[in-house]
Amino acid sequence: MAVGAKDGLDKALVKKYSTLKVDNAIVQNSMIDPNKLMDTMNDYANAHMEAFRIQQALRDVCTKAISMNIQYTKMKSVKSKKERIAEAARKVVAAQMAKRNELMEKLKKEPRPEFA
């Protein structure tokens with residue numbers, strides 16, 4: 001793989017700037033002490049980690065409180081078709097017996113006609 005200009009424009013730019021002398025920029029001393037900057041960044045990270053730990057603990061407490069307050073209800077047992085039919089038949093028979101008993105009570109209260 002070759003290094004260098006690939007077309008006329010690149011060659012012209014290389015020719016133009018090859019004669020210029022460029023010095024590396026001098027990095028001046030920072031106004032902030034690097035150790036103080038690192039300490040500040042460390043404090044910031046620690047504060048965020050502590051906030052995260054508090055959030056996790058709060059979430060755990062809330063989860064436990066909610067789970068302790070849950071009230072479970074017993075579900076109805078599932079009946080087979082045969083059991084449902086038998087129960088319906090018992091209800092029908094009970095209704096017929098109640099109606100029969102009601103009619104019997106009614107007949108007892110009414111006077112019977114006498115035949116001569």
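Predicted, not measured: the structure shown is a model, and the values here were computed from it.

A. Here's a closer look at the overall build of the protein chain. Summing up its helical and strand segments, the protein chain has 3 helices and 0 strands in all. In sequence order, the secondary structure elements of the protein chain are arranged as α-α-α. Buried residues in the protein chain amount to 0% of all 116 residues. Summed over all atoms, the accessible surface of the protein chain reaches about 12,700 Å², with 61% contributed by carbon and sulfur.

B. A look at the pattern of salt bridges. In the structure shown here, the tally under the stated rule is 3 salt bridges. The residue Glu-87 makes a salt bridge to Lys-79 at a minimum N-O spacing of 2.7 Å. For Glu-87, a relative accessible area of 26% puts it in the partly exposed group. Residue Lys-79 is classed as partly exposed on the basis of its relative accessible area of 38%. A cluster of three or more residues bridged by salt bridges with shared partners is formed by Lys-79, Glu-87 and Lys-91.

C. The arrangement of a nonpolar patch on the surface in detail. Together, Met-31, Ile-32, Leu-37, Met-38 and Met-41 make up an exposed nonpolar region whose accessible area comes to about 600 Å². Among the structural elements, Ile-32 can be located in the loop between helix H1 (8–18) and helix H2 (34–69).

D. Quick peek at the confidence of the model for the protein chain. Counting all residues, the mean pLDDT for the protein chain is 83, and 87% of those residues have values of 70 or more. Averaged pLDDT values over the elements of the protein chain bottom out at 81 in H1 and peak at 92 in H2.

Cut-offs applied
Residues numbered from 1 in each chain as written. Predicted model: local features only at pLDDT ≥ 70, side-chain atom pairs only at ≥ 80, totals over all residues. Heavy atoms only, no water. Helix = DSSP H or I, 4+ residues; strand = E, 2+ residues; numbered from the N terminus. Buried < 20%, exposed > 50% of the residue type's maximum accessible area, 1.4 Å probe, protein only. Areas by Shrake-Rupley, 256 points an atom, 1.4 Å probe, with all protein chains shown as cover. Salt bridge = Lys/Arg side-chain N within 4 Å of Asp/Glu carboxyl O. Patch = residues over 30% accessible without salt bridge, like charges linked within 9 Å, V, L, I, M, F, W, Y side chains within 5 Å. pLDDT = per-residue confidence, 0-100.

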